[in-house]
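# Coordinates in review
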Amino acid sequence: MTEYERSRTMPALPEHVFDQAANLDQLNGWLPEALHVHAEDPPAVTVHDDHAEQDMSALLSARPDQLRIEWGTRDEGSYAGWLQVAGIGSGASEVTVHLSFFDTRHDPGERPVTEALDGSLRRLEELVRLRTENAAG
C-alpha cells in the first residue's frame with residue numbers, strides 16, 4: 001500500500017471550505033483534472049479517469065459534522081481517500097487530502113500524485129475565494 005498526503009491553508013472559515021469541497025455539482029472544479037465524478041445515487045458515484053480511459057464505481061460520502069469527505073472504489077478496492085478541513089483561527093482553515101493506493105497498478109507514482117493533489121487544493125482554494133467574494137459583494 002502506498003499513501004500520499006498534502007495540505008494547504010485557505011483564508012476562509014472551515015464550514016465554507018467544506019461546503020465548497022462537498023458540493024457534488026462542484027467536485028469536477030477542484031478534483032484532479034483527469035478525473036470526473038458523476039453522481040448516481042449518492043453515496044454511489046462513477047469516476048471517469050481520462051488517463052486510463054475507464055470508469056470506476058466508487059463511493060463518496062460527506063460528513064458535515066466532522067468537516068470530512070471520504071471516498072474509495074466500490075468493486076476493486078484499489079484506492080481510497082479523504083479530505084479533512086480544520087479551523088486554524090482568524091477565519092482560516094487547513095485542508096488535508098490523503099490518498100491510499102491498495103493496488104500498486106493504480107498508483108501513478110509520487111510526483112504525479114503530489115502534483116495532482118497540490119493542483120486540486122489550489123483549485124479548491126480558488127473556488128472558495130470566488131464564493132466568498134461573491135457572497136461579500
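Reference entry: report on the structure contained in this document. (Residues numbered from 1 in each chain as written. Predicted model: local features only at pLDDT ≥ 70, side-chain atom pairs only at ≥ 80, totals over all residues. Heavy atoms only, no water.)

### Quick word on unusual backbone geometry
It is generally the case that most residues other than glycine have a negative phi and that most peptide bonds are trans. With omega at 20 degrees, the peptide bond leading from P42 into P43 counts as cis. With respect to the helices and strands, P43 occurs in the loop between β2 (35-41) and β3 (44-49). Phi is positive for E53, which is not a glycine, with a value near 50 degrees. Relative to the helices and strands, E53 is located in the loop between β3 and β4 (54-63). Backbone geometry places S90, a non-glycine residue, at a positive phi of 55 degrees. In this fold, S90 is placed in the loop between β6 (79-89) and β7 (92-101). (Helix = DSSP H or I, 4+ residues; strand = E, 2+ residues; numbered from the N terminus.)

### Things to note about the pattern of salt bridges
In total, this model carries 10 salt bridges according to the counting rule given. Here R74 makes a salt bridge to E40, at a shortest N to O gap of 3.3 Å. Here the residue R74 occupies a position in the loop between β5 (68-73) and β6, and E40 occupies one in strand β2, the gap between them amounting to 34 residues. Across the pair E126 and R129 runs a salt bridge whose closest N-O atoms are separated by 2.3 Å. In this pair, E126 and R129 are both assigned in helix α3 (residues 110-136), 3 residues apart and thus about one turn of the helix distant. Three or more residues are tied together by salt bridges with common partners; here these are R63, R68 and E70. (Salt bridge = Lys/Arg side-chain N within 4 Å of Asp/Glu carboxyl O.)

### Observations regarding helix α1 (residues 14-22)
Residues P14, V17, F18, Q20 and A21 constitute the buried set of α1. For α1, the arc enclosing every buried residue in end-on projection is 165 degrees, short of the 170-degree limit, so these residues lie on one face. (Buried < 20%, exposed > 50% of the residue type's maximum accessible area, 1.4 Å probe, protein only. Arc of directions from axis to C-beta.)

### Some points on the nonpolar core
Counting residues in each nonpolar core, the largest one holds 31 residues, and the members touching the most others are V17, W30, W71, L83, V95 and L124. A total of 6 residues in this core trace back to one element, the largest contributor, which is α3. Filtering out sequence-adjacent residues up to four positions away, V95 remains in contact with R6, S7, R8, M10, V17, L83, Q84, V85, L121 and L124. (Core = buried A, V, L, I, M, F, W, Y, C linked by side-chain atoms within 4.5 Å. Contact = heavy atoms within 4.5 Å.)

### Quick look at the sheet that holds β5
Taken together, the 7 strands give an open sheet; going across it, the order is β1-β7-β6-β5-β4-β3-β2, and neighbouring strands pair in antiparallel fashion. Each end of this open sheet is capped by a strand with a single partner; those strands are β1 (2-10) and β2. Strand-to-strand twist of the sheet, defined as the mean angle between neighbouring strand axes without regard to direction, takes the value 20 degrees. As judged from the 6 bridges shared by β3 and β4, these two strands associate in the antiparallel manner. Bridge pairing in β4 links T46 to S57. Sheet strands in contact with α1 are β1, β4, β5, β6 and β7, and its direction is about 155 degrees off that of β6. (Pairing = 2+ DSSP bridges. Axes fitted to C-alpha atoms, helices over the stretch in contact; angles between N-to-C directions.)

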